[in-house]
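In case you want the letters, here they are:
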Amino acid sequence: MPAVKDVGQEPRPLVGIALKVISVAIFVAMSSLIKYSGDVPPGQIVFFRSFFAMFPILAMLAWRKELATAFKTDKPMGHVARGLVGVFSMACGFYGLTKLPLPDAITLNYAQPLLVVVFSAIFMGEVVRIYRWSAVMVGFIGVVIIAWPKLTLLTGETGLEAGQGFGVIAILVGACGSAIAMLLVRRLVQTEKTATIVLWFSATATIISLFTLPFGWIALTMPQTLALVGAGICGGVAQILMTQCYRHAELSTIAPFEYTSMILAIVVGYFVFQDVPTLYTLVGGLIVVGAGLFIIWRERRLGLKRPAARRFVPPSP
């Protein structure tokens with residue numbers, strides 16, 4: 001069966017870059033709202049994030065008169081598998097987000113594209129040459145620099161300190177899950193439309209998250225409810241904008257602007273949560289960003305093209 005491709009548009013790089021930056025800003029807002037909601041069980045956060053994300057996506061599809069065929073698929077089990085991995089990844093990421101300063105949580109998620117390179121070589125047989133392997137290793141050094149001070153807190157005496165250590169572990173485990181989910185998406189994108197992939201994920205994630213209800217969902221206050229509903233809507237809107245940005249410019253042009261989230265996270269973290277980034281976060285983050293940019297540059301130089309769907313799940317978370 002031939003690949004199903006979405007309708008393209010004339011290249012407009014500046015429009016694509018603008019949409020990317022806006023989508024990144026909205027994803028940071030989503031993360032901030034989740035962090036603001038406080039100590040809410042991860043499964044409950046996943047439900048709100050997934051369920052309310054569907055509303056703006058469904059509204060867009062209805063406006064484009066594509067709603068009737070949006071859920072049509074030849075690979076339902078592929079979507080379910082992606083949903084299971086994605087829910088696990090989101091739950092880990094959201095748990096870490098509630099335990100760590102915002103800049104640390106978002107910067108640690110930059111490990112995901114590094115892991116995509118590793119898993120692509122291991123599970124999909126992609127050829128990864130010495131330059132990209134070197135960049136991946138340098139990037140992991142940056143991740144260790146960010147994570148090490150928090151991991152050493154696991155030996156501390158207070159629950160808050162240990163919580164940050166477990167938060168680091170959760171985000172890194174979630175990044176592994178997200179990287180695997182990206183490989184599943186890369187298979188789906190060969191035959192499935194963008195809208196189908198996004199909607200199936202939101203729907204399956206919503207259903208799967210409901211199974212965590214017996215494990216301790218809490219009664220939310222009104223501010224918590226509004227924050228989580230807002231996070232879900234932000235996630236859906238950001239998803240639409242991110243999908244659209246790849247219609248206007250090449251991935252290699254847009255991808256570097258993913259790292260604007262680090263700047264935004266530092267600003268929001270400082271003014272909203274009084275989070276001051278440590279020297280470890282800044283140095284490690286710059287190393288990881290540099291490694292990521294080198295990988296993007298190298299892939300562009302080699303003429304490689306990664307499917308846009310590989311960016312569909314936020315670092316989000």
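Data block above holds the structure.
Summarised in this report is the structure supplied together with it.

Calculation notes
- Residues numbered from 1 in each chain as written.
- Predicted model: local features only at pLDDT ≥ 70, side-chain atom pairs only at ≥ 80, totals over all residues.
- Heavy atoms only, no water.
- Core = buried A, V, L, I, M, F, W, Y, C linked by side-chain atoms within 4.5 Å.
- Buried < 20%, exposed > 50% of the residue type's maximum accessible area, 1.4 Å probe, protein only.
- Contact = heavy atoms within 4.5 Å.
- Axes fitted to C-alpha atoms, helices over the stretch in contact; angles between N-to-C directions.
- Helix = DSSP H or I, 4+ residues; strand = E, 2+ residues; numbered from the N terminus.
- Parallel < 35°, antiparallel > 145°, perpendicular 65-115°, else oblique.
- Left-handed = near helix turned anticlockwise from the far one by under 90°.
- Nonpolar A, V, L, I, M, F, W, Y, C, P; charged D, E, K, R; others polar.
- Salt bridge = Lys/Arg side-chain N within 4 Å of Asp/Glu carboxyl O.
- Patch = residues over 30% accessible without salt bridge, like charges linked within 9 Å, V, L, I, M, F, W, Y side chains within 5 Å.
- Areas by Shrake-Rupley, 256 points an atom, 1.4 Å probe, with all protein chains shown as cover.

### So, the nonpolar core
Counting 67 residues, the largest nonpolar core has Ile34, Leu108 and Tyr110 as its most contacted members. Residues in contact with Ile34, not counting those within four places in the same chain, are Ile45, Phe94, Leu97, Thr98 and Ala231. Counting 10 residues, the second-largest nonpolar core is a separate cluster that includes Met54, Ile57, Leu61 and Ala203.

### A word on the packing of helix H2 (residues 42-51) against helix H9 (residues 194-210)
Running from N to C, H2 and H9 point in directions that differ by 150 degrees, and their axes come no closer than 8 Å. Considered as vectors, H2 and H9 are oriented roughly antiparallel to each other. The two elements H2 and H9 meet at a crossing, and its hand is left-handed. Taking contact as the criterion, the partners of Gly43, Val46, Phe47, Ser50 and Phe51 in H2 are, on H9, Ser202, Ala205, Thr206, Ser209 and Leu210. Partitioning the contact of H2 with H9 into residue classes produces 5 nonpolar, 5 polar and no charged.

### As for the side chain of Ser89
Mapped onto the secondary structure, Ser89 falls in helix H4 (residues 76-99). Setting aside residues up to four positions removed in sequence, Ser89 forms contacts with Gly174, Gly177 and Ser178.

### Considering the pattern of salt bridges
Taken as a whole and assessed by the stated rule, the structure comprises 3 salt bridges. Put simply, Glu258 and Lys20 hold a salt bridge, and the shortest N to O gap is 2.7 Å. Taken together, the residues span a long stretch of sequence, with Glu258 in the loop between helix H11 (251-254) and helix H12 (260-273) and Lys20 in helix H1 (residues 13-36) at a distance of 238 residues. Taking the relative accessible area as the measure of exposure, Glu258 reaches 8% and is therefore buried. The salt bridge partner of Glu66 is Arg64, with a shortest N-O separation of 3.2 Å. For Arg64, a relative accessible area of 29% translates into the label partly exposed.

### So, the environment of Ala147
For Ala147, the location among the structural elements is in helix H7 (residues 130-151). When residues no more than four places from it in sequence are discounted, the contact partners of Ala147 are Leu108 and Val168.

### A closer look at a nonpolar patch on the surface
Together, Ile263, Val267, Tyr270, Phe271, Val272 and Val276 line one region of the surface with nonpolar side chains, adding up to about 640 Å² of accessible area. Assessed through its relative accessible area of 56%, Ile263 is described here as exposed.

### Remarks on unusual backbone geometry
Despite not being glycine, Lys65 shows a phi value in the positive range, around 60 degrees. On the basis of relative accessibility, which here comes to 75%, the residue Lys65 falls in the exposed class. Backbone geometry places Gln274, a non-glycine residue, at a positive phi of 55 degrees. If you trace the backbone, Gln274 turns up in the loop between H12 and helix H13 (279-302). We classify Gln274 as exposed; its relative accessible area is 57%.

### Describing the environment of Met124
Within the secondary structure, Met124 sits in the loop between helix H6 (111-123) and H7. Spatially, the C-alpha atoms of Met124 and Leu183 are 8.2 Å apart, while their sequence positions differ by 59 residues. Discounting chain neighbours no more than four positions away, the residues touching Met124 are Phe119, Leu183, Arg186 and Arg187.

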